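# Descriptive analysis of the structure
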Amino acid sequence: MRALIHSTFGEAEDVLTPEERPIPAPGPGQVRLRVVLSPIHNHDLWTIRGTYGFRPELPAASGTEALGIVDAVGDGVDHLRVGQRVATGGSFGAWAEYIVTGAAGLIPVPDSLSDETAAQLVSMPFSAISLLHFLDVRPGDWIIQNAANGAVGRMLAQLGAVRGVNVIGLVRRSAGVDELRTQGIDHVVATDDADWRGAVTRLTGGAPILAGVDSVGGSSAGEVLSLLAENGTLVVFGAMKAPTMEISSSDVIFKQATVKGFWGSRIIQQLDPQVRSELFSELIQRVSDGTLTLPVAGVFDAADVADAVRMSKTAGRVGKVLLRF
């Protein structure tokens, strides 16, 4: 089978190569999937770069999320059948024609969802809905996030709106405001506007902003923190711009602020099974009824992974880039 492998850490477009590998056999409690589509996520690229929380042994496989067709089942698997479409969000090595993964973590995909939607159902959407749960906010509350035009930022705004939570999104460019409005997302402010802080205040009408989400790092983290109310919480979701945060000691002290990290794979594992099931059910409902959209920026054959990665890194891109196997 064909798999995308890297023998050194570096930029994915430089180090990933298609290689022939043996087709794996499922063990007890496992299934083998024939991979149909797999999205490119930032955490996939960081893992290939060697800068993520998980650092694989080289030479390493790549990719983590996929839509697949059950191709074979191991002993003890009786809830899935060969030929069934399933989604997985935590199967390392997903950028391959076949993968073996635990049956318990797979999500059967309803016929109403397209392959392109189902391929990106788990990692980012479930991270977004889990993040909203983690923030512990209520209808009418205000929260703020940067990287609002990123995948999770857009989904957090859409899910928050359905729940009645007011989500303010910060973007770097004024053009980003218009891009999000075309997707029905309001309450967006561009930080290249000299009066962007005033714009945030006008949106809230002076109501307290209880929580903020930083996905950028650097000075952007401090900007989000500076807008929080007393006893506010800053949740660190990512570090797209810088691996360190620049936050004001006075904001932390005098706002009595709390700073927390959010590592989706760890948080999701720790969720109560009943809560996890309820969140997944809500997620599939929101995708099915169109209140949560999962656009696709492009679909590439796995052999063209370098071009796919370059598109994934393009500023202003709307939607995920998918690899076809």
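Residues numbered from 1 in each chain as written. Predicted model: local features only at pLDDT ≥ 70, side-chain atom pairs only at ≥ 80, totals over all residues. Heavy atoms only, no water.

To continue, consider the pairing of strand β14 (residues 296-301). With five bridges connecting them, β14 and strand β15 (residues 320-324) associate as parallel partners. Note that in β15 the partner of V296 across the bridge is K320. For the segment spanning β14, helix α12 (residues 305-312) and β15, crossover handedness is right-handed. (Pairing = 2+ DSSP bridges. Helix = DSSP H or I, 4+ residues; strand = E, 2+ residues; numbered from the N terminus. Right-handed = clockwise from strand over helix to strand, strands pointing away.)

Residues M245, I247 and V259 make up a contiguous nonpolar surface patch of roughly 200 Å² in combined accessible area. Turning to its location among the elements, I247 is positioned in the loop between β12 (233-236) and α9 (249-254). (Patch = residues over 30% accessible without salt bridge, like charges linked within 9 Å, V, L, I, M, F, W, Y side chains within 5 Å. Areas by Shrake-Rupley, 256 points an atom, 1.4 Å probe, with all protein chains shown as cover. Salt bridge = Lys/Arg side-chain N within 4 Å of Asp/Glu carboxyl O.)

Ranked by size, the top nonpolar core spans 49 residues in total, and within it F126, L131, L135, I143, V171 and L283 carry the most contacts. Looking at this core, the element that brings in the most residues is helix α4 (residues 123-135), giving seven residues. In this view, L283 contacts L121, P125, F126, I129 and L292; residues no more than four positions away in its chain are not counted. M1, V31, A103 and F300 belong to the second largest nonpolar core, which has 33 residues in total. (Core = buried A, V, L, I, M, F, W, Y, C linked by side-chain atoms within 4.5 Å. Buried < 20%, exposed > 50% of the residue type's maximum accessible area, 1.4 Å probe, protein only. Contact = heavy atoms within 4.5 Å.)

To continue, consider the pattern of salt bridges. Under the defined criterion, the tally for this structure stands at 14 salt bridges. One salt bridge connects R32 with D71, and the closest N-O pair in it is separated by 2.7 Å. Linking R32 in strand β3 (residues 30-39) with D71 in strand β4 (residues 66-73), this pair joins segments that are 39 residues apart in sequence. By relative accessible area, R32 is classed as buried at 17%. Judged by its relative accessible area of 29%, D71 is partly exposed. The salt bridge involving R173 is made with E179; its shortest N-O contact spans 3.6 Å. With a relative accessible area of 23%, E179 lands in the partly exposed category. Because the salt bridges share partners, they merge into one network encompassing E11, E13, R49 and K313.

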